[in-house]
Amino acid sequence: MGTGDFICVSMTGGAPWGFRLQGGKEQKQPLLVAKIRSQSKASDAGLCEGDEVVSINGNPCADLTYPEVIKLMESITDSLHLLIKRRVGAPFLFLENQPHPSFLHLLGSTSRLTVPLASRPSGWRKQTRDQHLGKQQPGLPLV
């Protein structure tokens, strides 16, 4: 998978989510976000083109074919929680001065960030990985 950071992206309200996927086990490719529709739940939640989808609502994607992923996505009616891997150098989205809940202790990675954005509230902004790593957020535990 290469180097990158793990991020949780959550959306509510049901489909359409506003993004398109590509790849899958049968193509011997990771499941990637191919397209984000502007002003969609996905764009508001901070999902980015090129993000690798690791799990969907807790279901690992590494062994799923594209049709299995589509079937899984169609079964989700209200809340979508994606664990994604974002390549190094891609922008991070975070809320300034907000604690970041951490469930990522399950991953075993040393470089992690949780992004629980449902919309773009005040204080939202983009940062590169280097900018983010240069600033320690108050209340953000080192994991």
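Each value, and the rule that gives it
- Residues numbered from 1 in each chain as written.
- Predicted model: local features only at pLDDT ≥ 70, side-chain atom pairs only at ≥ 80, totals over all residues.
- Heavy atoms only, no water.
- Helix = DSSP H or I, 4+ residues; strand = E, 2+ residues; numbered from the N terminus.
- Buried < 20%, exposed > 50% of the residue type's maximum accessible area, 1.4 Å probe, protein only.
- Polar contact = N/O pair within 3.5 Å; in protein donor to acceptor, adjacent residues only side chain to side chain.
- Contact = heavy atoms within 4.5 Å.
- Pairing = 2+ DSSP bridges.
- Salt bridge = Lys/Arg side-chain N within 4 Å of Asp/Glu carboxyl O.
- Arc of directions from axis to C-beta.
- Core = buried A, V, L, I, M, F, W, Y, C linked by side-chain atoms within 4.5 Å.

A.B. asks: I would appreciate a short explanation of the side chain of S43 in the present structure.
C.D. replies: By secondary structure assignment, the location of S43 is in helix α1 (residues 41–45). You can call S43 buried: its relative accessible area is 12%. Side-chain polar atoms of S43 contact the backbone nitrogen of S40, separated by 3.0 Å.

A.B. asks: Could you clarify how one ought to interpret the environment of W17 in this entry?
C.D. replies: Tracing the backbone shows W17 in the loop between β1 (4–12) and β2 (19–24). As for W17 and L80, which are separated by 63 residues in sequence, their C-alpha atoms are 8.5 Å apart. Those residues in contact with W17 that sit more than four places away from it in its chain are M11, T12, S40, K41, A42, M73, I76, D78, S79 and L80.

A.B. asks: How should I be thinking about the pairing of strand β4 (residues 52–56) in this particular structure?
C.D. replies: When you tally the buried positions in β4, you get four out of five residues, the bulk of the element. Examined bridge by bridge, β4 and strand β6 (residues 79–87) share four bridges and lie antiparallel to one another. Looking across to β6, one finds that S55 is bridged to L83.

A.B. asks: What is the right way to read the pattern of salt bridges from this model?
C.D. replies: Side-chain pairs of opposite charge can arise where the charged atoms are in close proximity. Per the counting criterion, the structure on display carries one salt bridge. The salt bridge involving D51 is made with R86; its shortest N-O contact spans 2.7 Å. With a gap of 35 residues between them, D51 in the loop between α1 and β4 and R86 in strand β6 connect regions that are remote in the sequence. An identical accessibility class is assigned to D51 and R86; each is buried.

A.B. asks: How should helix α2 (residues 66–74) be read in this particular structure?
C.D. replies: Each α-helix winds once per 3.6 residues, and so residues spaced three or four apart point in a common direction. Within the span of α2, buried status applies to V69, L72 and M73. Viewed along the axis of α2, the buried residues span an arc of 100 degrees, placing them on a single side of the element. Exposed side of α2, more than 90 degrees from the buried face: P67, K71 and E74 are the residues found there. On the buried face of α2, the contacting elements are β2, β3 (29–36), β4, β5 (59–60) and β6.

A.B. asks: I would appreciate a short explanation of the pairing of β2 in the present structure.
C.D. replies: Sheet topology places β2 next to β3; five bridges connect them, and they run antiparallel. Among the inter-strand pairings, R20 is bridged to a residue of β3, identified as K35.

A.B. asks: What's the story with the nonpolar core in this structure? I'm lost.
C.D. replies: Side chains that are nonpolar tend, in soluble globular proteins, to be buried together. Counting residues in hydrophobic clusters, the biggest one holds 23 residues, and the most contacted among them are M11, F19, L47, V53, I56, L80 and L82. Counting only elements with at least two residues in this core, the list comes to β1, β2, β3, α1, β4, α2 and β6. Other than its neighbours up to four places away in sequence, L47 contacts V9, M11, F19, V33, I36, A42, L82, I84 and R86.

A.B. asks: I tried to follow the side chain of S40 on my own but got confused; where do I start?
C.D. replies: Along the polypeptide, S40 turns up in the loop between β3 and α1. At a separation of 3.4 Å, a polar atom in the side chain of S40 contacts the main-chain carbonyl oxygen of G18. The contact partners of S40, leaving out residues within four places of it in the chain, are W17 and G18.

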